[in-house]
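Now for the letters of each chain:
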Amino acid sequence: MITSRKDLEAHIHLTTGEARWFDSPSSLPLLISDHLAKLMEDREDDPIRRQFVPDIRECDTSCSIDPLAEVDHSVTSRLIHRYGHRAALLTTDRCFSYCRHCFRRRFTGTDTGAISDEEIDKAAAYLSRHDEIHELLLTGGDMFTLSNERLDRLFGILRQSREDLVLRLCTRAVASFPSRFDDELMDIIARHDHGGPFLLLTQFNHPGELTRESIDAVRRFLSLGIPAFNQSVLLRGVNDDVDTLEELCVKLLYNRIKPYYLFQCDLVQGTGHLRVPVERGLEIEQELRRRLSGLAMPQYTIDLPEGGGKVILTKDHLVAADGDELVFTTLDGDTRRYPRA
Ligand SMILES: *Cc1c(COP(=O)(O)O)cnc(C)c1O
Ligand code: SF4
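Quick look at the structure, then. (Residues numbered from 1 in each chain as written. Chains lettered and ligands numbered in written order. Predicted model: local features only at pLDDT ≥ 70, side-chain atom pairs only at ≥ 80, totals over all residues. Heavy atoms only, no water.)

### Observations concerning the sheet that holds strand 5 (residues 135-139)
Defined as follows: Two strands qualify as a pair provided DSSP detects at least 2 bridges between them. Strands here are runs of E lasting at least two residues and helices are runs of H or I lasting at least four, both read from the DSSP assignment and numbered beginning at the N terminus. Interaxial angle, 0 to 180 degrees, is taken between N-to-C directions of lines fitted to C-alpha atoms, where a helix line uses only the stretch in contact.
Strands sit in the order 3-4-5-6-7-8-9-10-11 across an open sheet of 9 strands; the sheet is mixed. Each having just a single partner strand, strand 3 (79-83) and strand 11 (309-312) make up the two edges of the open sheet. Across the sheet, the axes of successive neighbouring strands diverge by a mean angle of 30°, strand direction being ignored. Bridge analysis of strand 8 (residues 228-234) against strand 9 (residues 257-264) gives 7 bridges, and the strand direction is parallel. Bridge assignment links F229 to a residue of strand 9, and that residue is K258.

This is how it looks when you write it as structure tokens:
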């Protein structure tokens with residue numbers, strides 16, 4: 001059982017048979033779980049490998065390290081309150097494996113460490129003064145790198161200060177380290193599953209990540225009545241083609257994981273080689289919308305620079321207003337008119 005960072009590192013080193021913790025060309029550490037390492041093929045264009053093995057192009061420093069201006073929206077050292085009804089708590093900077101496309105490079109893997117008792121109390125105090133916040137994202141880094149004791153304490157204090165909060169459990173670990181979700185951890189989650197619901201927010205970017213082990217890990221949440229939503233990132237050479245995304249979304253929905261967002265890769269330093277142009281993203285979105293059911297379709301979303309926030313990108317079918325009528329295009333490119341009032 002993993003209960004501390006030390007155990008965790010020992011575990012990863014033991015199971016891989018060698019330390020996969022090296023310096024990488026950028027500030028983001030290189031760490032690849034045994035589970036993911038086994039999914040990768042030893043060729044540069046392998047879609048899983050591209051997400052986790054560093055590339056020299058990460059040294060390109062032409063973009064900002066914090067394009068979302070999260071630092072400006074931080075209300076405690078760990079709490080970001082950018083959108084009125086929801087806030088995000090950075091529970092740790094650690095992950096089980098580091099994604100080269102990470103949008104929070106300013107923070108992830110910087111050895112800031114796990115949230116302290118004092119920082120939990122500070123965030124809880126802010127949340128109890130701000131009852132306009134309905135949803136709290138527990139994120140980082142990956143919250144499930146925290147020890148069971150710390151998670152227990154975190155859930156306890158948050159439930160105590162705001163019983164009504166919806167808690168989003170944001171984790172890549174179901175994809176990168178599914179064995180983390182053992183009976184002991186699931187018992188802790190079940191014990192705190194009262195008041196506002198827990199929601200599971202996963203990140204699967206390629207159908208190859210939906211292994212039996214990962215699906216089983218998600219199923220443990222589902223069996224507690226915790227629904228699952230997936231946030232993918234659109235990545236060059238990983239999932240920037242319609243067939244791959246179609247397969248991913250169909251497979252997600254089949255496994256009761258609702259495709260929620262497909263993010264445009266943020267303008268974060270060191271991620272340029274993984275970014276897909278927005279206009280290409282829009283083409284992909286349009287074709288995907290033809291092929292997928294409404295439930296299987298994620299929202300293509302961009303987090304605008306300089307803290308502009310998230311906006312949804314899709315082809316606008318309302319093309320003109322003509323007197324008393326609005327003019328629409330159909331999916332097949334025909335036009336239709338609809339009265340204004
Ligand atoms: C994305 C984000 C949220 C949640 O936004 P939703 O659109 O509700 O998923 C909340 N806080 C921050 C800082 C975010 O970046
Ligand atoms: S799991 Fe999330 S926080 Fe960690 S490296 Fe990947 S994108 Fe960044």
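### Details of the pairing of strand 11
Inspection of the sheet shows strand 10 (residues 299-304) paired to strand 11 by 4 bridges, in the antiparallel sense. Of the residues in strand 11, the one forming a bridge with T301 is I312. Hairpin connection of strand 10 to strand 11: 4 residues between the antiparallel strands, including E306 at a positive phi of 55°.

### Comments concerning the packing of aromatic side chains
To be explicit about the condition: Centres within 6.5 Å are what make two rings of Phe, Tyr or Trp a pair, Trp counting through its six-membered ring; a difference in plane orientation under 30 degrees is then read as stacked, over 60 as edge-to-face, and the rest as tilted. Type-normalised accessible area, obtained with a 1.4 Å probe on protein chains alone, sets the label of each residue: buried when under 20%, exposed when over 50%, and partly exposed for intermediate values. Here, over-ring charges are defined by two tests on the NZ atom of lysine or the CZ atom of arginine: distance to the ring centre within 6 Å, and angle to the ring normal within 35 degrees.
Counted by the stated rule, this structure contains 9 aromatic pairs. Taken together, a centroid distance of 6.3 Å and an interplanar angle of 65° make the contact between F144 and F221 edge-to-face. Note that F144 is positioned in the loop between strand 5 and helix 5 (148-161) and F221 in helix 8 (residues 212-222), a separation of 77 residues in sequence. For F144, a relative accessible area of 0% corresponds to the buried category. Taken together, a centroid distance of 6.3 Å and an interplanar angle of 65° make the contact between F229 and Y260 edge-to-face. On the criterion of sequence distance, the pair formed by F229 in strand 8 and Y260 in strand 9 is long-range, its members being 31 residues apart. Judged by relative accessible area, F229 falls into the partly exposed class, the value being 25%. Judged by its relative accessible area of 24%, Y260 is partly exposed. In this structure an aromatic cluster arises from ring pairing among F229, Y260, Y261 and F263. Positioned above the aromatic ring of Y83, the side-chain terminus of R86 is 4.7 Å from the ring centre. We note R159 situated over the ring of F198; from NZ or CZ to the ring centre the distance is 4.5 Å.

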